[in-house]
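A look at the structure
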Amino acid sequence: EVQLVQSGAEVKKPGESLKISCKGSGYRFTSNWIGWVRQMPGKGLEWMGIIYPGDSDTRYSPSFQGQVTISADKSINTAYLQWSSLKASDTAMYYCARQLLRGVSHFDYWGQGTLVTVSS
Amino acid sequence: DIQMTQSPSTLSASVGDRVTITCRASQSISSWLAWYQQKPGKAPKLLIYKASTLESGVPSRFSGSGSGTEFTLTISSLQPDDFATYYCQRYDSYSTFGQGTKVEIK
């Protein structure tokens, strides 16, 4: 069974750094792209970017390029989303999701979400 | 940048109704469009991909159509479990989601 299990909720202060994780199981982790999607409170879905864990090829939405870093450690089947300096506007639910196909594609399996709260 | 416009933003319907949601792209995206259902507090669920391909396990009352710039998601007979928010997603050079359509009980 394909599963994506995300790390737990985080409460951080503005300016702090953060790295959240998404661990895949039940499939060959290096063969499928993993993406990150933001959902701000009461708002819609925003595509942030994707990574291919096999070779760490990464693509970002222009809206998120330079704002976050997407990475992966294929040795432990885990993808990451990282901020170097959080802002209050980063408060949101973040989902990881798996793509079945190569390149930019739709997501067939989703993690349960990680709630990030940034507040002074 | 290709914009995705989803309509309506809210839709009030009754059990048994036929429901149609539209997603328009500002430029052609061929058939690179997916539809998702999201319930409160839950992750989205894939319904349709490549504009009209039904994801395995999704009830056949859901269908998708369209290509180029105009796409529709149709629920042939709305069921109690279908009250949720629906999103389209375009995926070509990169990806964006539509703004969402909340289907609520009339």
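Source: prediction; values computed, not measured.

Procedures and definitions
- Residues numbered from 1 in each chain as written.
- Chains lettered and ligands numbered in written order.
- Predicted model: local features only at pLDDT ≥ 70, side-chain atom pairs only at ≥ 80, totals over all residues.
- Heavy atoms only, no water.
- Helix = DSSP H or I, 4+ residues; strand = E, 2+ residues; numbered from the N terminus.
- Rg over C-alpha atoms; globule rule 2.2 N^0.38 Å.
- Buried < 20%, exposed > 50% of the residue type's maximum accessible area, 1.4 Å probe, protein only.
- Contact = heavy atoms within 4.5 Å.
- Areas by Shrake-Rupley, 256 points an atom, 1.4 Å probe, with all protein chains shown as cover.
- Lys, Arg positive; Asp, Glu negative; His and termini not counted.
- Charge placed at Lys NZ, Arg CZ, Asp CG, Glu CD.
- Pairing = 2+ DSSP bridges.
- Axes fitted to C-alpha atoms, helices over the stretch in contact; angles between N-to-C directions.
- Polar contact = N/O pair within 3.5 Å; in protein donor to acceptor, adjacent residues only side chain to side chain.
- Nonpolar A, V, L, I, M, F, W, Y, C, P; charged D, E, K, R; others polar.

1. Points about the overall build of chain B
Along its length, chain B carries zero helices and eleven strands. Along the chain direction, N to C, the helices and strands of chain B fall in the order β-β-β-β-β-β-β-β-β-β-β. Relative to the globule expectation of 13 Å for 106 residues, the C-alpha radius of gyration of chain B, 13 Å, shows essentially globular dimensions. Overall, the C-alpha framework of chain B stretches about 35 × 25 × 25 Å when taken along its three principal axes. Classification of the 106 residues of chain B by burial places 49% in the buried group. Here the contacts in chain B between residues at least 6 apart in sequence split such that 56% fall between residues at least 24 apart. Carbon and sulfur atoms form 46% of the exposed surface of chain B, whose accessible area is close to 4,800 Å². Here chain B carries 10 positive and 8 negative side-chain charges, and the mean point of each set is 3 Å from the other.

2. Some thoughts on the sheet that holds strand 8 (residues 70-75) of chain B
Residues and elements named next belong to chain B. Ordered by their spatial adjacency, four strands build an open sheet running 1-3-8-7, and the pairing between neighbours is antiparallel. If you trace the sheet from one side to the other, it starts and ends with strand 1 (4-7) and strand 7 (62-67), each paired once. Pairwise comparison of adjacent strand axes, ignoring direction, gives a mean angle of 15° for this sheet.

3. Focus: the interface of chain A and chain B
How big an interface is tends to be reported as the loss of accessible area on association of its parts. In this assembly, 17 residues from chain A lie in contact with 17 residues from chain B. Applying the counting rule to chain A against chain B returns six residue pairs in polar contact (both at pLDDT 80 or more). Sorting the residues of the side of chain A that touches chain B by element identifies strand 4 (34-39), strand 5 (45-52) and strand 10 (107-110) of chain A as the ones contributing at least two each. Across the side of chain A that touches chain B, the residue classes break down as eight nonpolar, six polar and three charged.

4. As for the sheet that holds strand 3 (residues 18-25) of chain A
Residue and element names in this part refer to chain A. The sheet built from four strands is open, its strands ordered 1-3-8-7 with antiparallel pairing. Both edges of this open sheet fall to strand 1 (3-6) and strand 7 (69-73), since each of them pairs with a single strand only. The mean inter-strand angle of the sheet, taken between neighbouring strand axes irrespective of direction, is 20°. Judged from the six bridges that link them, strand 3 and strand 8 (residues 78-83) form a sheet pairing that is antiparallel. Among the inter-strand pairings, Lys 19 is bridged to a residue of strand 8, identified as Gln 82.

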